[in-house]
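Geometric and topological summary
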Amino acid sequence: MDGDGTRDARGTHANPVPRPAGPPEAPPLPPRPAHAPSKPSPTSIAGWLNEPRPETGPGIWRLGYRLRKDTAEQQRLSAVTIAGMFIPVILGTIIWSFWLDGMIPYQWAPLRLVTPDDWWEPATAINARPGGWGIEAFYAYRGITFAVLVWAMARLGSWGKAFRYYFARKPQPRRAASTVLGAVVVLALVFPTAFPGAFWDPVPVVDALINLTLALSQSYDLLQSPLFVYSLYTAVALLVIWPFARVGDWLPYVKGRLAARRATGPSAAPVPPAHWPALRDAGQHQAADLLTADVLAGRMNDVDCARLTRAWTHARSQGRLAEFTDAVLRHGSAALIHPSGARDLPIRSARHDLLAQQVRIGRWVPGERTPHTYGDAGAALGPASLGTSLLVVGPSGVGKTRHVIAPVVESLALQALTGGCAVVAVGVAGAALGPDSAFDVVVRVGDPKSPHDLDPYADAADADEAAALLAEALVGDLDTGGGQRAATALAQLLGPYQAAHGAFPTLPVLRELLAGEPARLTDLRAALAEERHAVMRRELDARVRALGTPSDPGPVLADRLALLDRPAFAGFFGTGDGPVRPFSLRAVAHHPLRVRIDLPEHGHEEAARLLTRLVLTQFTAMARKSGRDHFVCLVLDDATGAVTADSVRRIQGLRSLNAGVVLTLRTVADVPEALHGPLYGAVGCRMAMSGVTTWDGSRFAGAWGTEWVETTDVARHTVFADQPMTRALHAVRKMVTGKSVTTEAVTVRQVERERWSASELAHAVPPGHAVLSLTNVKGEHAPPLLVDLRG
């Protein structure tokens with residue numbers, strides 16, 4: 001049988017690549033999909049490359065991301081804040097005018113308490129006039145009073161909040177420019193003589209400091225010292241500039257600009273991404289010019305750009321720049337294409353950004369729970385989030401496949417064409433996971449026309465490993481605790497059979513051996529008659545002795561294998577002699593493959609669940625292999641019956657192995673109750689679709705936990721007057737308004753509440769929406785937020 005990483009080719013081929021489901025093509029130009037509304041057009045590919053992709057939080061669509069404008073409540077200062085800012089200004093102006101006119105009683109009394117009497121002209125305490133050095137003390141005291149008044153008005157008027165609102169929230173370089181302008185305005189008030197044409201008097205700051213110094217020293221010699229005068233001016237200017245420089249981040253901004261200037265040279269303009277600046281920085285100008293010409297001429301698509309960008313990064317890390325450059329110069333944009341020869345998918349249904357490795361699945365709905373950076377931004381998934389695995393729960397018909405699974409599979413298939421990942425999509429026959437031509441390997445279990453078969457042993461060379469994988473698939477869902485006994489029983493048969501025949505048995509033969517068929521066991525023991533098989537004979541004898549005992553797992557294993565040993569599956573699982581090529585999931589660990597496995601239906605639901613469990617077990621075992629530089633992902637369109645205690649433990653360890661799984665369930669009840677908590681803890685991303693039950697919602701609510709929120713309680717109390725006149729006025733007011741006179745008691749407190757309650761998840765999520773929480777492989781979190789899957 002022709003094998004591609006298969007059971008009969010075990011150990012003989014160096015990880016061959018399975019051939020695509022359809023005839024492979026290697027067109028010189030990218031194929032045009034039949035319907036690709038979300039794909040950048042050839043004329044816009046340069047603009048797509050040049051579009052900014054800022055660093056954002058997990059799950060935000062990065063392509064062209066802009067921080068949305070605040071709502072009216074967030075964008076503008078409240079009326080209370082504005083009134084509270086200007087009322088102290090008016091009050092302070094009135095007080096200062098009274099002070100200048102000497103209309104405040106005893107306004108000079110504090111100054112007289114700290115100055116000698118000979119500094120004052122003889123008069124009453126109220127009308128005493130300063131004289132001699134008292135004049136300098138008077139101007140210093142006036143400046144100190146002005147500073148205290150400004151400080152008091154600033155504290156009362158929330159000037160700090162207004163200052164941060166108008167300056168600190170602006171992005172660079174607008175923040176730096178606005179703070180520079182503010183600093184210039186304040187300096188003009190302090191030093192008006194430094195600005196030609198100034199017609200206003202200076203605020204009493206510099207004069208107050210000079211007069212304070214003169215009064216303390218009682219000498220005018222300091223004014224004759226330019227060093228003192230200019231040092232004082234410099235100190236005042238720095239004190240004025242310092243808060244503006246701090247809020248405007250002047251120093252970090254200048255450092256960043258200088259670093260960018262040093263990196264690009266004093267006269268070099270920044271090179272747009274469409275001109276391949278990374279290649280030019282490395283001196284590969286000829287290759288960069290060639291790729292730039294292909295981009296501008298429309299000979300490249302987004303898959304080509306992402307593939308070559310990734311290949312360049314890999315070549316630099318591996319020291320293979322010459323090989324990369326040679327391939328680009330010989331093949332242009334068609335260099336280093338996928339082994340299948342494909343440079344795009346035949347059809348796209350979602351919006352993708354392959355440079356950021358994201359697929360857009362909807363829009364974050366703005367609201368009270370939604371952080372400002374997420375509101376109205378696109379919701380996206382990618383390997384960074386899928387690397388922690390995703391659990392999707394929702395009833396049938398809410399769009400799990402249409403809105404989530406299909407876009408994710410399509411995105412991973414596109415990324416596979418760039419060499420960045422491998423994807424295995426598993427669903428029932430007819431599920432909308434993509435056409436056959438979008439995959440390299442298509443396994444249609446039970447379909448005689450299937451181009452590939454599924455290797456039940458995952459190309460394992462060791463009998464114990466193959467037995468463990470098969471045991472987990474056969475009895476892993478049974479609550480009997482006999483998984484280890486089942487693996488031992490299988491190993492006691494697989495090992496001897498492999499030693500005798502050089503390969504593992506087909507599933508029908510294995511079923512007969514597990515059931516204790518005497519003829520099969522006798523023939524197998526006879527094949528192990530040679531002395532070199534003594535160990536395997538002891539293994540087989542141990543299995544024979546266990547037959548019929550109460551703890552024998554053989555009958556249960558045989559019954560489970562009977563689900564696959566049906567006429568509908570004739571020719572599959574290594575039993576056929578036709579052109580069907582066995583496929584092993586081990587191949588996706590070595591090549592960026594696109595694999596789709598169609599499960600049987602219509603009376604074979606239990607067999608489909610067993611096969612799903614088998615694929616999940618094989619995938620998690622394969623993902624543990626090291627030395628892989630691409631992401632691998634398994635997508636289960638229906639994970640009912642597939643989750644076991646062992647698989648949950650292995651799923652949790654995938655995030656450190658550059659691998660992940662996507663599981664969908666109609667209800668959490670499809671998973672054993674003992675595994676509910678471990679499953680929610682094993683996955684980093686959780687999605688509750690609209691229509692979940694309160695029982696399912698309680699599991700999400702428990703996994704998402706609680707948060708502290710501020711609540712305001714208003715209590716109204718009726719006022720009972722004691723005085724006759726007051727009672728009469730209250731009676732008249734009640735006759736006019738129809739309401740009793742009340743007072744309000746407002747209580748603001750911090751309370752702990754669930755982020756999303758079970759009732760809210762069941763009844764407050766609109767159709768076409770879902771609540772999604774994300775965790776990426778770096779440990780960054782996005783709280784559970786409402787997503788419009790149709791946006």
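Position numbers for residues count from 1 along each chain, tracking the sequence in the order it is written. Whole-chain, interface and lining totals are the exception, using all residues; otherwise, since this is a predicted model, local features are given only for residues with pLDDT of at least 70 and side-chain atom pairs are given and counted only at 80 or more. Working from all heavy atoms in the structure, the side-chain values ignore hydrogens and water.

Looking at the overall build of the chain
A run of H or I in DSSP becomes a helix once it reaches four residues, and a run of E becomes a strand once it reaches two; helices and strands are each numbered from the N terminus. Per the secondary structure count, the chain includes 28 helices and 16 strands. For the chain, buried positions account for 46% of its 791 residues. Counting only contacts in the chain whose residues sit at least 6 apart along the sequence, the fraction spanning at least 24 positions is 73%. Within the structure as shown, the chain displays about 39100 Å² of accessible surface, and the carbon and sulfur contribution to it stands at 58%. The buried label goes to any residue with under 20% of its type's maximum accessible area, the exposed label to any with over 50%, and the partly exposed label to all in between, with areas taken from a 1.4 Å probe on protein chains only. Every residue pair with non-hydrogen atoms within 4.5 Å of one another is taken to be in contact. In this description, accessible areas are obtained by the Shrake-Rupley approach with a 1.4 Å probe, and a residue is regarded as covered only by the protein chains that are shown.

A few points about the packing of aromatic side chains
Centre-to-centre distance and the angle between the planes together describe a pair of aromatic rings. Here a Phe, Tyr or Trp ring, Trp counted by its six-membered ring, pairs with any other such ring whose centre lies within 6.5 Å, and the pair is stacked when the planes are under 30 degrees apart, edge-to-face when over 60, and tilted otherwise. Applying the stated criterion across every chain yields a total of 6 aromatic pairs. Aromatic pair Tyr680 and Phe700: ring centres 5.1 Å apart, planes at 90 degrees, arrangement edge-to-face. Separated by 20 residues along the polypeptide, Tyr680 in helix H25 (residues 676-682) and Phe700 in helix H26 (residues 694-704) bring together distant segments of the chain. Like Tyr680, the residue Phe700 is buried in the burial classification. Lysine NZ or arginine CZ positioned within 6 Å of the ring centre and within 35 degrees of the ring normal marks a charge as sitting over the ring. A cation over a ring is seen here: Arg53 above Trp48, with NZ or CZ 5.0 Å from the ring centre. The ring centre of Trp695 lies 5.0 Å from the NZ or CZ of Arg699, which sits over that ring.

Describing the state of the cysteines
Linking two cysteines covalently through their sulfur atoms gives a disulfide. Cysteine sulfurs are considered disulfide-paired once they come within 2.5 Å of each other. In the structure shown here, the tally under the stated rule is 0 disulfides. Of all cysteine sulfurs, the one in Cys633 lies closest to Cys421, which takes part in no disulfide; the gap is 7.7 Å.

Overview of the confidence of the model for the chain
The pLDDT score gives, residue by residue, the confidence of the prediction method on a 0 to 100 scale. Overall, the prediction assigns the chain a mean pLDDT of 81, with 83% of residues at 70 or greater. When mean pLDDT is taken per element in the chain, strand S4 (residues 390-393) scores highest with 96 and helix H2 (residues 72-75) scores lowest with 44. Here residues 1-37 scores under 50 on pLDDT; set against residues more than four positions off or in separate chains, the count is 85 contacts.

Quick word on the nonpolar core
Soluble globular proteins: nonpolar side chains tend toward being buried together. Leu490, Leu510, Ile597, Leu634, Leu663 and Leu761 are the most contacted members of the largest nonpolar core, which has 93 residues in total. The element contributing the most residues to this core is helix H23 (residues 605-622), with 9 residues. Ignoring sequence-local partners within four residues, the contact set of Ile597 consists of Val424, Ala425, Val426, Gly427, Val443, Val445, Leu454 and Val615. In this structure, Ile60, Ala350, Ile361 and Phe439 belong to the second largest nonpolar core, which totals 49 residues. Residues grouped as a nonpolar core are buried Ala, Val, Leu, Ile, Met, Phe, Trp, Tyr and Cys residues, joined through side-chain atoms within 4.5 Å.

Some details on the pattern of salt bridges
Side chains that differ in sign of charge can pair as their charged atoms come close. Just to be clear on terms, a salt bridge is a Lys or Arg side-chain nitrogen sitting within 4 Å of an Asp or Glu carboxyl oxygen. Counted under the stated rule, the structure contains 32 salt bridges. Between Glu707 and Arg755 there is a salt bridge, with its nearest N and O atoms 3.5 Å apart. Residue Glu707 is found in strand S13 (residues 706-718), and its partner Arg755 is found in the loop between strand S14 (742-754) and helix H28 (758-763); the two are separated by 48 residues along the sequence. Using a relative accessible area of 22% as the deciding quantity, one classes Glu707 as partly exposed. Salt-bridge contacts for Arg790 lead to Asp788; the nearest nitrogen and oxygen are separated by 3.6 Å. Residue classification places Asp788 among the buried positions, given a relative accessible area of 10%. Linked through salt bridges whose partners overlap, the residues forming this network are Arg363, Asp376, Asp788 and Arg790.

Comments concerning helix H24 (residues 645-652)
Of all the residues in H24, the buried ones are Ser647, Val648 and Ile651. Around the axis of H24, the buried residues are gathered within 105 degrees of arc, so they sit on the same side. Looking at the buried residues of H24, the elements they touch are helix H17 (463-475), H23, strand S11 (659-665) and H25. Think of the arc as the fan of directions from the helix axis to the C-beta atoms.

Topic: the environment of Leu490
Turning to its location among the elements, Leu490 is positioned in helix H18 (residues 483-501). Not counting the four nearest positions on each side in its chain, Leu490 is found in contact with Ala467, Leu470, Ala471, Leu474, Leu510, Leu514 and Leu557.

Considerations on the environment of Trp99
One can find Trp99 in helix H3 (residues 79-100). Judged by relative accessible area, which is 10%, Trp99 ranks as buried. For the pair Trp99 and Phe146, spaced 47 residues apart in the sequence, the C-alpha separation amounts to 9.6 Å. Setting aside chain neighbours within four positions, we find Trp99 in contact with Ile104, Gln107, Trp108, Tyr141, Arg142 and Thr145.

Things to note about unusual backbone geometry
For Leu336, which is not a glycine, the phi torsion comes out positive at approximately 55 degrees. Considering the arrangement of structural elements, one finds Leu336 in the loop between helix H14 (321-331) and strand S1 (351-353). Leu336 sits in the partly exposed class, given a relative accessible area of 42%. If you check the backbone angles, Ala458 has positive phi at about 55 degrees while not being a glycine. As for its placement among the helices and strands, Ala458 is situated in the loop between strand S7 (452-454) and H17.

With respect to a nonpolar patch on the surface
Each patch is built from residues lacking any salt bridge and having more than 30% relative accessible area; the joining distance is 9 Å for like charges and 5 Å for nonpolar side chains (Val, Leu, Ile, Met, Phe, Trp, Tyr). On the surface, a nonpolar cluster with roughly 390 Å² of combined accessible area is contributed by Ile90, Ile94, Phe98 and Met103. Following the sequence through the fold, Ile90 ends up in helix H3. Looking at Ile90, the relative accessible area reads 53%, which means it is exposed.

Brief notes about the packing of H17 against H23
When two helices pack together, their arrangement is given by the angle between their axes and by how far apart the axes lie. Structural elements are reduced to axes, namely lines fitted to C-alpha atoms, with helices fitted over the stretch in contact, and the angle between N-to-C directions of any two is expressed from 0 to 180 degrees. Contact pair H17 / H23: the axes reach a minimum separation of 8 Å and the direction vectors enclose 145 degrees. As H17 runs across H23, the sense of the crossing is right-handed. Note on element contacts: H23 touches H17 through Leu610, Arg613, Leu614, Thr617, Gln618 and Ala621, opposite Leu469, Leu470, Glu472, Ala473 and Leu474. By residue class, the composition of the contact of H17 with H23 is 7 nonpolar, 2 polar and 2 charged. Should the near helix be turned anticlockwise from the far one by less than a right angle, the crossing is termed left-handed; should it be turned clockwise, right-handed. All residues other than Ala, Val, Leu, Ile, Met, Phe, Trp, Tyr, Cys, Pro, Asp, Glu, Lys and Arg, Gly among them, are scored as polar; the first ten of these are nonpolar and the last four charged.

Quick word on H17
The length a helix should cover is 1.5 Å for every residue beyond the first. For H17, with 13 residues, the first-to-last C-alpha span of 18 Å sits near the 18 Å given by 1.5 Å per residue. Within H17, 10 of the 13 residues are buried, leaving the element largely enclosed by the surrounding structure. Considered for burial, the residues of H17 that qualify are Ala463, Ala466, Ala467, Leu469, Leu470, Ala471, Glu472, Ala473, Leu474 and Val475. Those residues of H17 that are buried are in contact with H18, helix H19 (507-514), helix H22 (554-562), H23 and H24. By the N-cap criterion, in which a side-chain oxygen at the helix start approaches the backbone nitrogen of a residue two or three places on, H17 is capped by Asp462, the distance to Asp464 being 3.1 Å. Throughout this description, a polar contact denotes any pair of N or O atoms lying within 3.5 Å of each other; where both atoms belong to protein, one of them has to be capable of donating a hydrogen while the other can accept it, and for residues adjacent in sequence the pair is counted only when both atoms sit in side chains.

Remarks on the side chain of Asp353
Locating Asp353 in the fold gives a position in strand S1. If near-sequence neighbours (up to four positions away) are discounted, Asp353 is found in contact with Trp48, Arg53, Trp61, Leu63 and Gln358.

As for the environment of Ile361
Considering the arrangement of structural elements, one finds Ile361 in strand S2 (residues 358-364). When sequence neighbours within four positions are dropped, the list of residues in contact with Ile361 reads Ala379, Ala380, Leu381, His403, Pro407, Met687, Leu772, Asp788 and Leu789.

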